[in-house]
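Overview (structure and organization)
So the chains spell out like this:
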Amino acid sequence: MVKEHGQLRLNAASDSVLHSAARPAAELKLKEAEEKLSKHRELLQKDEAILRQLIQQELKKRESLKAAEGKVARLKEQLLASEKIVNANKTLLKKLQEQVHRVEHRVSIKKSQIVKFQKEVAQARLAAGRVPKRKQDSNQLLPRKLQRVDGLAPGSERHFAELIAQKQRLQQLEAEYALKIQKLKEAQALRHRGAASEPPSEPLPVRTCTPPPPQNQPPPPPTSPFSLPQPSLHDLTQDKLTLDSEDVPEGEDHESESTAAPTAAAAAAAASSAAAPAAATATGTRRRSSSSFTKPNLDQVASTPTKDNNAAKPSKAATASREPSEMFAGLDMDTLKQRYQQQDQLGELLLRELQKVGEAEETPPAGKVQLSAVEVDAVSSHSGGSELKLVPFEPYHSSLLVFRSYRFSPYYRTKEKLALSSVTYSNAIEPKKCFCRFDLTGTCNDDGCRWQHMRNCTLTGNQLFQDILSYNLPLISCSDSSSSEEIGASTEKYMKKLFGPNKDRMGSDQKAVFLVSKVNESKRHVPPFTTFKDMRRWRPKPSAHTDLSAEEDSEDESVDRSQAPGKRVEGSKSSASALDVCVTSEDRRYFISETDDISNLETSVMENPCNTQLWIKLAFKYLNQAQTSPAECLEAALNTLSRALESNCENPEVWSHYLSLFSRRGSREEVQQMCEMAVEHAPDYRVWWNYLDLDSSFEGKDYVCERLLQYLLNEASAGVTEKLSFQLMEALLYRVDLNLFTGRMESALAILQNALKSANERSVADHLTPSDRSLVWLSYIHLTEFDCLPSSLCSPAESGPSRLVSREHFLLPWRTRQDISTPLHILVALFHDAIGLCSDETLSPSERTLACMPLHTNLIFLNKVLERFDEGIELCESLLELRPESCALRDALADLHIGKGNGDRAVSMWLHALAECPNNAEVFYHSCKFLMAQDKCGAIMPLFRGFVLSFCEDEQSQRNPVDVLRLILGVPAEGIPRGSVIKKELQQQLGPQMPYLHLVHCRWQWLHGSAEETVDAFERALGSAMQLEELHKLWMDYLVFSSSQQTSSQSKVFSDLVQRCLSTVPSRLQFPFNPAQYWSCYRFHNKVVNLYLSCLPHSQHAAVLERLRDAMPNNLELGLRFLRQEWQDGNCERLKFQARMMSSNAPKCLATWKIAIAVERELKERSEVRLLYQQALHNLPLCAALWKDVIPPHVTLITRKHLTATQQ
């Protein structure tokens, strides 16, 4: 038992020893197994990720495969249809070829017969001793010599006698015809003498560079027809005489001036056209009976504001003898000919267009000193003239500064005073690579941007040392083939060896200077000849930026896994544009949304179908696909928007995008159906305007505009807002302008009258706010006076019906008493009716006066033009009792007093205004401005002190009022405590008055301060916040002050100030109630140009206007003034070029087309006139003014088909 027990113990001990010895091996195996498991798990995860990517790629490929298969099926169907069409065309072509051969054979036979008959006729006439009066066949190309049949020798005396006799007979016949033509013209002139005399038609202007002669210059006398040396080569087949036509107009060629007796066929045709006047009368009756859908009223000249009815009318006999060609599409051709002859000359047209936009040339202010010619040269030197100008001396700069190796010259640091670390010369810029425009204007957030950035081009300290040592790489034991890493390591070793322990005690520039000296020594350069002329083989590279995103890198690896890790796949980005000019969804400079991919967007819109912005984003994603045809992109975008409309049929934004895209593809009827569907489901103002823009015919636009007005009236029945009132006014004036643009003056007046007054129900004007109602009434008065709507309401770059861009008040463009065409009692009654209907009884008297202010100011202006000063003064004083703070009324009252000759009463009126409005900075500024204009500057001092100290707690204080005003404006002033000086009850009123307080401060410095202090006051005022109108006043005061300080040294300062004003004052203004749209307004800029030109001699105006025109190419008014200046200077070719440029920059502007056509007509370029008419009608197809000029026979540019299509 004991032995067995001991044996068991021995076995257990041995087992424990064996188990302890095998444990490390087992643990090692376990660790290896775990490592294998973890590796396989990682590989499994990678494979699963790759599998997911491959599955996604497979899905994409399946989708693209399905699309390709569908495309192939469609192409097969198209191919079958095309083959059928080709076969049908082939059979048709064979039939046509057979017919052509038959007709050609028949034509050849008839030609031979005609030649034979012509020979027989010619021989018979020669035998009878006659010559043909005219060609028998207009298709005969050239007259040919006929062989004589009498057997005369060509050189015999009888032959010459026959020729002489024949020549004499021809001369006699030609003289007889000329005498008959002259007698017929005299008889025609006598027949028309009883009517009102027409102005004599002027001869064609010669191609010259001077303005045309005066209108009353008599035409040159006709030459005698009896002294012709030889028979005329004139083609008598074109000599068709019309007894009732006017004289030959200017545009006629000289070949059509002679006429012949009417033939029998012409007489028969004239007899058959006796019913033409009746048709014209019926047409006119239909036109007068209709108010909207009528033909253009071509019997009344709508382009001229004067209502002259004394124009000559053709007699009944002349009307009865008209030929059928004189009535074309129901239009009186003689009236059109007469209108064409009465067209304005080029100079008159330029002046009239300038007056329309309110930019007529102004005379320089009295007493204004003009700049000398030497001073103007400095101003106009930027206009690109070829003359050499003297330049002042400047410090010398070496021309070697363009080379980087000039850094090794000692003059680089001593004379140029430049540091070796200057980024201008020490940089890593790649010359053939573009800079990132986002980095240049701000910050680029794209880590994978492929363009250059300044942060990567700036050299660090070590890179600067490498850049200097790269001029002699053997100095650091390197060569041109060494890598950048080797050169960097060698530079580090060389710097440690060269400087040793003093390396950290020296600055980078000091080390760079020492390295420059070492390089010069190693190259054995002797100063100052140290510039390197050999090209470097190695130079520092820009600091490496991160590669593109991991997704792109993974795609590159999937394409070529054998690519080296450090390399990038060349050519993969070769298709990218060299100019990064637009921001797309692939641009990573901004935050990337997860919905940027089409598949993700599709998922998002399915999850949230009511999110219209996602639908619109997806539609434009489809529209801007790079590798898809435009037609397929458009189809996909329309499909997306149609799906969006299924869930959002009442959203106007989606409908607007859908209609704009659908109009690219659908026909006119289809687009109209979709517009009807849009306004049915989403009746919104934007959708209605889209409908209005997409319709191209007059009837369609007028019908849609009428429905839009009805929709807005229904909306306004619940309550009128400012926005809804403006929309009503905009739609109403659009419809009126549409009728005016298409020549329907009577319809336009009827529409506006019905909108202003209605006998049965509330009119459109009753749904407008009082201010908008007064503006509509003023537009109606403008229409009755000038036959057009005011130009200040719409953009000058667009003629015809367009959206309103401004709600500013305006004055009617009367200049003299003769400009008023309406009888005075009717005109005054219109103003009183307008004021009565625009006065809202729910408002206070002051508010009613403010709402009707445009009507009041224009009525006052009417009294001023008519010199009815007493009536105007009485009206102004009655209005000032209600609105004493109105500076517009006080300015008008002062003008009336001055016009009457009572300047003292005007001064007392302003002093009384200061007493009525003691703390009003605007009133005080206008009073100071008036007193300075009347040379009463001495009265401003006590007024200024009382005005400024009225803001203080102690009004009897002895403080300097200028210091108090500076304290209010925040300008540092000495001797004024920072405590409470201003009255507490007035502190809140100072905020809105700060702009006018700045203006008052500038005026005070102008009068009592130095030039430097005044300039400082104006500059401080320009840095403050103010409205655009106040900014205009400030700049105008600044420029007037600067122009009054003109000296030989200040002329350049004034010119720079003008340039600064024109470039900084905003000209891009928002549409009312539509901040997403802008228009260009240059009214203030043109006032600045007028002031600037008044300070220059007239000889410099053309150069300055050209320079300003280049700086403001969208300034239409400035362009018209430049054209008139070129016309006055006689530069016809430059005028032609500039007119063409303006018509291309503003294709929707009628004035530019009229001027371009008038220039070509002045230069007698008839083919160019035809081409310009075609281009103008393409851009303005509804313009009646163009069609009136284009229809006359001698300027025929269109066919009956085109005319009929455009009349719709």
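Residues numbered from 1 in each chain as written. Predicted model: local features only at pLDDT ≥ 70, side-chain atom pairs only at ≥ 80, totals over all residues. Heavy atoms only, no water.

Bringing the overall build of the protein chain into the picture now. From N to C terminus, the protein chain includes 47 helices and 4 strands. Residues counted as buried form 38% of the 1208 residues belonging to the protein chain. Sequence-distant contacts in the protein chain: of pairs separated by 6 or more residues, those separated by 24 or more amount to 64%. Carbon and sulfur atoms provide 55% of the accessible area of the protein chain, an area that totals close to 70900 Å². (Helix = DSSP H or I, 4+ residues; strand = E, 2+ residues; numbered from the N terminus. Buried < 20%, exposed > 50% of the residue type's maximum accessible area, 1.4 Å probe, protein only. Contact = heavy atoms within 4.5 Å. Areas by Shrake-Rupley, 256 points an atom, 1.4 Å probe, with all protein chains shown as cover.)

Moving on, we come to helix α45 (residues 1166–1179). Here α45 spans 20 Å end to end across 14 residues, near enough to the 20 Å set by a 1.5 Å rise per residue. Buried within α45 are the following residues: Val 1169, Leu 1172, Tyr 1173, Ala 1176, Leu 1177 and Asn 1179. Buried residues of α45, viewed axially, fall in a sector of 155 degrees; they line one side. Lining the buried residues of α45 we find α43 (1132–1145), α44 (1150–1162) and α46 (1184–1190). (Expected span 1.5 Å × (residues − 1). Arc of directions from axis to C-beta.)

Further remarks concern the pattern of salt bridges. All chains considered together, the criterion is met by 30 salt bridges. Across the salt bridge formed by Arg 707 and Glu 676, the nearest N and O atoms sit 2.6 Å from each other. Of the two residues, Arg 707 is situated in helix α22 (residues 698–716) and Glu 676 in helix α20 (residues 668–681); the sequence distance between them amounts to 31 residues. When its relative accessible area of 22% is taken as the criterion, Arg 707 is described as partly exposed. Overall, Glu 676 belongs to the partly exposed group, its relative accessible area being 26%. The salt bridge partner of Lys 1052 is Asp 1056, with a shortest N-O separation of 2.9 Å. Of this pair, Lys 1052 and Asp 1056 are both found in helix α39 (residues 1051–1064), 4 residues apart, which corresponds to roughly one turn of the helix. Accessibility expressed as a relative area gives 42% for Asp 1056, which makes it partly exposed. (Salt bridge = Lys/Arg side-chain N within 4 Å of Asp/Glu carboxyl O.)

With that settled, consider unusual backbone geometry. The backbone of Arg 524 shows a phi angle near 60 degrees, a positive value even though the residue is not glycine. Here Arg 524 is to be found in the loop between α14 (508–523) and α15 (550–559). Despite not being glycine, Phe 1073 shows a phi value in the positive range, around 60 degrees. Summarising the element assignment, Phe 1073 is placed in the loop between β3 (1068–1071) and β4 (1074–1080).

Turning our attention to helix α18 (residues 630–647). Spanning 18 residues, α18 covers 26 Å between terminal C-alpha atoms, matching the ideal 26 Å at 1.5 Å per step. Listed in full, the buried residues belonging to α18 are Cys 633, Leu 634, Ala 637, Leu 638, Thr 640, Leu 641, Ala 644 and Leu 645. The buried residues of α18 all sit within an arc of 160 degrees when viewed along its axis, so they share a single face. In α18, the exposed positions angled more than 90 degrees off the buried face are occupied by Ala 631 and Glu 646. If you follow the buried residues of α18, they end up packed against α17 (612–623) and α19 (652–662).

Looking now at the nonpolar core. Within the largest apolar cluster, 173 residues are counted, with the highest numbers of intra-cluster contacts made by Trp 814, Phe 831 and Trp 1035. Not counting residues up to four positions away in its chain, the partners in contact with Trp 814 are Glu 785, Phe 786, Asp 819, Ile 820, Leu 827, Phe 831, Asn 858, Phe 861, Leu 862 and Val 865. (Core = buried A, V, L, I, M, F, W, Y, C linked by side-chain atoms within 4.5 Å.)

Before going further, it helps to spend a moment on the packing of aromatic side chains. By the definition in use, this model includes 22 aromatic pairs. On the numbers, 6.0 Å between centres and 55 degrees between planes, the contact of Tyr 925 with Tyr 996 is tilted. Taken together, the residues span a long stretch of sequence, with Tyr 925 in helix α32 (residues 921–933) and Tyr 996 in helix α36 (residues 990–1008) at a distance of 71 residues. Neither Tyr 925 nor Tyr 996 differs from the other in exposure class; each is buried. Here the aromatic residues Phe 924, Phe 944, Phe 947, Phe 951 and Trp 1004 are joined through ring pairs into a cluster of three or more. (Phe/Tyr/Trp six-rings, centres within 6.5 Å; stacked < 30°, edge-to-face > 60°.)

A separate point is the state of the cysteines. Within the structure shown, the criterion is met by 0 disulfides. With no disulfide of its own, Cys 444 lies closest to Cys 436 among cysteine sulfurs, the gap being 3.8 Å. What makes Cys 444 buried here is its relative accessible area of 5%. (Disulfide = S-S within 2.5 Å.)

Here helix α42 (residues 1116–1129) crosses α43 at 165 degrees, and the two axes come no closer than 9 Å. Taken together, the axes of α42 and α43 lie roughly antiparallel to each other. The hand of the α42/α43 crossing is left-handed. On α43, the residues that touch Leu 1116, Gly 1119, Leu 1120, Phe 1122, Leu 1123, Glu 1126 and Trp 1127 of α42 are Arg 1134, Leu 1135, Gln 1138, Ala 1139 and Met 1142. Across the contact of α42 with α43, the residue classes tally to 8 nonpolar, 2 polar and 2 charged. (Axes fitted to C-alpha atoms, helices over the stretch in contact; angles between N-to-C directions. Parallel < 35°, antiparallel > 145°, perpendicular 65-115°, else oblique. Left-handed = near helix turned anticlockwise from the far one by under 90°. Nonpolar A, V, L, I, M, F, W, Y, C, P; charged D, E, K, R; others polar.)

This part takes up the side chain of Gln 463. Tracing the backbone through its elements, the reader meets Gln 463 in helix α12 (residues 461–469). The contact partners of Gln 463, leaving out residues within four places of it in the chain, are Thr 458, Pro 540 and Lys 541.

Right, let's get into a nonpolar patch on the surface. Side chains of Leu 51, Ile 55 and Leu 59 sit close together on the surface and give an oily, nonpolar patch of about 260 Å² of accessible area. Along the chain, Leu 59 turns up in helix α1 (residues 2–128). Under the relative-accessibility criterion, Leu 59 is labelled partly exposed at 44%. (Patch = residues over 30% accessible without salt bridge, like charges linked within 9 Å, V, L, I, M, F, W, Y side chains within 5 Å.)

With that settled, consider the pairing of β3. Successive side chains on a regular strand alternate, one facing one side of the sheet and the next facing the other. As paired strands, β3 and β4 are joined by 4 bridges and run antiparallel to one another. Its bridge partner being in β4, Leu 1069 is matched across the sheet by Trp 1079. (Pairing = 2+ DSSP bridges.)

What follows covers the environment of Glu 635. Residue placement: Glu 635 occurs in helix α18. Taking the relative accessible area as the measure of exposure, Glu 635 reaches 42% and is therefore partly exposed. Put simply, Glu 635 and Tyr 622 are 13 residues apart on the chain and 8.8 Å apart in space, counted from C-alpha to C-alpha. In terms of polar contacts, Glu 635 uses its side chain to reach the side chain of Arg 665, at 2.9 Å. (Polar contact = N/O pair within 3.5 Å; in protein donor to acceptor, adjacent residues only side chain to side chain.)

Relative to the helices and strands, Asn 651 is located in the loop between α18 and α19. Spatially, the C-alpha atoms of Asn 651 and Pro 683 are 9.3 Å apart, while their sequence positions differ by 32 residues. If near-sequence neighbours (up to four positions away) are discounted, Asn 651 is found in contact with Thr 612 and Ala 682. Polar contacts involving the side chain of Asn 651 include one to the main-chain amide nitrogen of Glu 653, which spans 3.0 Å.

Okay, the confidence of the model for the protein chain next. Summary statistics for the protein chain give a mean pLDDT of 75 and a share of 72% for residues scoring 70 or more. Contacts for the low-pLDDT stretch residues 131–152, under 50 throughout, to residues beyond four places or in other chains number 21 contacts. Every residue in residues 546–586 is under pLDDT 50, and counting partners more than four places away or in other chains gives 35 contacts. (pLDDT = per-residue confidence, 0-100.)

Here helix α7 (residues 346–356) crosses α42 at 155 degrees, and the two axes come no closer than 10 Å. As the angle between them shows, α7 and α42 are arranged roughly antiparallel. As for the relative orientation of α7 and α42, their crossing is left-handed in sense. Residues Leu 346, Gly 347, Leu 350, Leu 351, Glu 353 and Leu 354 of α7 form the contact with α42, whose own contacting residues are Glu 1117, Leu 1120, Arg 1121, Leu 1123, Arg 1124 and Trp 1127. Residues belonging to the contact of α7 with α42 are distributed by class as follows: 7 nonpolar, 1 polar and 4 charged.

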